[in-house]
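Reading the structure
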Amino acid sequence: SFYLAVEEDGVGKFLKAISPIKHEKYVVALWKRSQKKIGLWMQGQLVLAVIIGMLVYLGLLIINIPHPLLLAVLAATFEIIPLFGPILASVPAILISFVGGGGISTALIVAGLYIIVHQFENQLIYPLVVKKVVGVSPIVSIVALAAGWHLAGFVGLILAVPISAVITEFFDDFEKDKIERTERMMNAK
């Protein structure tokens, strides 16, 4: 792992070493395309974190909760953690709103804000970002997250969308190859 991480194009070299010669070029090209998609996914996650941070900041500012910028940065940071990140980020905000003199009613309003932002993210922002930036359909990303959680827990959640991007690239190649072969067969007749 260390070698692959520090060596320039370590994964590419590793894939060349373990791939059969006739498939080496394809495997390396698939890795390069997948690497680009994974990079785009990370960019999408950062965009998503910024959007959620801004929404939380504005909401907490309107509700007049102490330290809205700190809590928004916390929400943006926890956005990296799928599903559980927003829940973890809401706990300090709810506690601060309760202890800060707002009482139970303000704490419930803050909890409602985080629920609304989380639902807005899950239903609209995340699927759009993943589809637009990574090219993985929203349903595939949702199924990938569920499968990732079921198969590998927290690590599976984090790796689900990048792995689905790699698998999507592979199946796109398979489909293109099948279409090309069909066309060659039709032209040969």
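One structure accompanies this document, and this report is about it. Chains are numbered independently. Their residues run from 1 in the order of the written sequence. Local features are withheld for residues below a pLDDT of 70 in this predicted model, meaning they are given only at 70 or higher, and side-chain atom pairs are given and counted only at 80 or more; totals for whole chains, interfaces and linings count all residues. Side-chain figures throughout are based on the complete set of non-hydrogen atoms in the structure, without hydrogens or water.

Helix and strand definitions follow DSSP, with helices as H or I runs of at least four residues and strands as E runs of at least two, each counted in order from the N terminus. Helix and strand counts for the protein come out as 6 helices and 0 strands. Helices and strands appear in the protein in the N-to-C order α-α-α-α-α-α. By the compact-globule yardstick of 16 Å for 189 residues, the protein is too spread out, its C-alpha radius of gyration being 22 Å. Taken along its principal axes, the extent of the C-alpha atoms in the protein is 80 × 45 × 25 Å. Two things to know: the radius of gyration comes from C-alpha atoms, and the globule rule equals 2.2 Å times the number of residues to the power 0.38.

As a further point, take the pattern of salt bridges. Should a side-chain nitrogen of Lys or Arg be within 4 Å of a carboxyl oxygen of Asp or Glu, the pair is scored as a salt bridge. Counted by the stated rule, this structure contains 3 salt bridges. Ionic pairing is found between Arg33 and Glu169, a salt bridge with its closest N-O pair at 2.6 Å. With Arg33 in helix α3 (residues 21-63) and Glu169 in helix α6 (residues 138-188), this residue pair connects regions lying 136 residues apart in the sequence. Relative accessibility under 20% of the residue-type maximum defines a buried residue, over 50% an exposed one, and the middle range a partly exposed one, all with a 1.4 Å probe and only protein chains included. Glu169 gets classed as buried once you look at its relative accessible area, which sits at 11%. Residue Asp173 pairs with Arg33 through a salt bridge whose shortest N-O separation is 2.1 Å. Of this pair, Asp173 sits in helix α6 while Arg33 sits in helix α3; the two residues are 140 residues apart in sequence, bridging distant segments of the chain. Owing to a relative accessible area of 30%, Arg33 belongs among the partly exposed residues under this scheme.

The next subject is α6. Multiplying one less than the number of residues by 1.5 Å gives the expected span of a helix. In a regular helix each residue adds 1.5 Å, so 51 residues correspond to 75 Å; α6 covers only 39 Å between its end C-alpha atoms and thus falls short of that length. Bending of α6 peaks at approximately 150 degrees at the position of Ala152. Note that the bend at a residue is defined as the angle between axes fitted to the seven residues ending at it and the seven residues starting at it.

A few words on the environment of Ser141. Note on placement: Ser141 falls in helix α6. We classify Ser141 as buried; its relative accessible area is 0%. A sequence separation of 27 residues divides Ser141 from Thr168, and the C-alpha atoms of the two residues are 11 Å apart. Whether two residues are in contact is decided by their heavy atoms, any of which lying within 4.5 Å being enough. Not counting chain neighbours up to four residues away, the residues in contact with Ser141 comprise Tyr126, Val130, Val136 and Val161.

All right, on to helix α5 (residues 84-134) then. Taking 1.5 Å of rise per residue, 51 residues should cover 75 Å, yet α5 covers just 22 Å from first to last C-alpha, more than 12% shy of that figure. At Gly102, α5 shows its maximal bend, which comes to roughly 145 degrees. Looking one or two places after α5, you find Gly135, whose phi comes out positive at around 90 degrees.

Most peptide bonds are trans, and most residues other than glycine sit at a negative phi. Unlike most non-glycine residues, Asn64 shows phi in positive territory, near 70 degrees. Mapping Asn64 onto the fold places it in the loop between α3 and α4 (68-78). Under the relative-accessibility criterion, Asn64 is labelled exposed at 65%. Of note in the backbone geometry, His67 takes a positive phi value of approximately 60 degrees without being a glycine. Structurally, His67 is set in the loop between α3 and α4.

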